[in-house]
Amino acid sequence: MIEIRSLEKDKEKLSFILKDSTHSFANALRRIMIEDVPTMAIEDVEFRKNSSILYDEVIAHRLGLITLTTDLKSYNIPDECKCDGKGCARCQLKMTLKTKGPAMVYASDIKTRDAAIKPVYPKTIIVKLLKNQALELEATAVLGKGSVHSKWCPGLVYYKQRPIIEIDSKCDGCGKCVEVCPTKTLELKDSKASVSKDHLLDCHLCEACKDICPKEIIDVKSANDFVFYIESWGQLEPKKIVVEALKIFERKLDNFKELLKENK
Ligand SMILES: [Zn+2]
């Protein structure tokens, strides 16, 4: 059984516990989130003018790495689009950039026709132009997957097993484990070592407490629960990354089922 409980959330971060699961399931979910959930990024750049200090290739690379807010409803991945990847309004967005020096060129100088797709961090610097230098280009942004290029990766996803720390009642409160714990997970309560509820999930299972305890009465184990952390790069909300990953997971399993049926 899988139970997902939200622990904390803000605009860029989300954390939840996947209960009673396995390493293989947790890792499949993690990999789908970082490799298969699509986001928008610049893929092609056509330069009209570039007299800046940076080569076209360098600027194109920098443009590709600019995180763009992503609207998954309005766009298709080019290969899966009705146009067969030729390029249409449903699978690509043209963007333009036209500036003259002296000026600092920022991501916010990129003009787009779709207000839903714009740089997440407008102050990202592209290049500095000196007097008489100019930059003029047309870029094409498309949906893509992190498995093809990390510029399409929606964020950082990692997990750890939920720790279980057991302390025998024979504890005499020497406090050595409290001192050695790097995450402040252990505390002294009524002259005995105990686990701090607020810091239990900070524990990274280093077992320093177990090693230092003179009475050898501390046991550190890991549960079959996985604490997930999702940190979005900004293209999609963290909750959206999880929801999309689950949809993709379901689709993959359906495809697998169909293939099995066909090969009976
Ligand atoms: Zn298309």
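Relevant structure appears above.
The rules behind each value
Residues numbered from 1 in each chain as written. Predicted model: local features only at pLDDT ≥ 70, side-chain atom pairs only at ≥ 80, totals over all residues. Helix = DSSP H or I, 4+ residues; strand = E, 2+ residues; numbered from the N terminus. Rg over C-alpha atoms; globule rule 2.2 N^0.38 Å. Buried ≥ 20, exposed ≤ 12 C-beta atoms within 10 Å, placed from the backbone. Contact = placed C-beta atoms within 7 Å. Core = buried A, V, L, I, M, F, W, Y, C linked by C-beta atoms within 7 Å. Domains from an automatic or database assignment. Pairing = 2+ DSSP bridges. Axes fitted to C-alpha atoms, helices over the stretch in contact; angles between N-to-C directions. Expected span 1.5 Å × (residues − 1). Parallel < 35°, antiparallel > 145°, perpendicular 65-115°, else oblique. Left-handed = near helix turned anticlockwise from the far one by under 90°. Nonpolar A, V, L, I, M, F, W, Y, C, P; charged D, E, K, R; others polar.

(A) View of the overall build of the protein. Secondary structure summary: the protein contains five helices and 12 strands in total. For the protein, the C-alpha radius of gyration of 25 Å lies well beyond 18 Å, the compact-globule estimate for 264 residues. The burial tally for the protein puts 28% of its 264 residues in the buried class. Pairs at least 24 apart in sequence give 67% of the contacts found in the protein among residues at least 6 apart.

(B) Summary view of unusual backbone geometry. A cis amide bond links G101 to the next residue, P102, at an omega of 0°. Considering the arrangement of structural elements, one finds P102 in the loop between β4 (92-100) and β5 (103-106). Of note in the backbone geometry, E207 takes a positive phi value of approximately 65° without being a glycine. Checked against the element boundaries, E207 lands in the loop between β11 (192-195) and α4 (208-212). Classification of E207 as partly exposed rests on a count of 14 C-beta atoms within 10 Å.

(C) Examining the nonpolar core more closely. Grouped together as the largest cluster of nonpolar side chains are 44 residues, with contacts concentrated most on M33, I42, A139 and A141. Top element by residues in this core is strand β8 (residues 134-144). It accounts for six residues. A domain-level breakdown of this core finds at least three residues from each of domain 1 (4-35 + 156-229) and domain 2 (39-148). Residues contacting A141, with those up to four places away along its chain left out, are M40, A41, I42, E43, L68, Q92, L93, M95 and I117. If you look at the next biggest cluster of nonpolar residues, it comprises eight residues, including I165, C203, C209 and I218.

(D) The environment of L93, seen in detail. Mapped onto the elements, L93 comes out in strand β4. The sequence separation of L93 and M40 amounts to 53 residues, and the corresponding C-alpha distance is 9.3 Å.

(E) View of the sheet that holds strand β6 (residues 111-112). An order of β3-β8-β4-β6 is seen for the four strands of this open sheet, with the pairing classed as antiparallel. Among the strands making up the open sheet, the edge pair consists of β3 (39-50) and β6. The pairing of β4 with β8 spans nine bridges and is classified as antiparallel. For T96, the partnering residue across the bridge sits in β8 and is E138. Each of β3 and β8 touches helix α2 (residues 56-64); the most contacted strand, β3, lies at about 155° to it.

(F) Representation of helix α5 (residues 238-262) within the structure. Between its terminal C-alpha atoms α5 stretches 36 Å, which fits the 36 Å expected from 25 residues at 1.5 Å a residue. When we look at burial in α5, the residues that qualify are P238, I241, V242 and A245. Contacts from the buried residues of α5 go to β2 (13-18), α1 (23-35), β9 (155-167) and β12 (218-232).

(G) Spotlight on the packing of α1 against α5. Where α1 meets α5, the axes come as close as 9 Å, and the angle between the chain directions of the two elements is 110°. Considering the angle they form, α1 stands roughly perpendicular to α5. Once α1 is placed against α5, the crossing between them reads as right-handed. Contacts from L29, I32 and M33 in α1 reach I241, V242, A245, I248 and F249 in α5. Class assignment of the residues belonging to the contact of α1 with α5 gives a composition of eight nonpolar, no polar and no charged.

(H) A look at the environment of E244. Here E244 lies in helix α5. You can call E244 partly exposed: it has 19 C-beta atoms within 10 Å. When the C-alpha positions of E244 and T183 are compared, they lie 33 Å apart, and in sequence the two are 61 residues distant. The residues contacting E244, other than those within four sequence positions of it, are V37 and L72.

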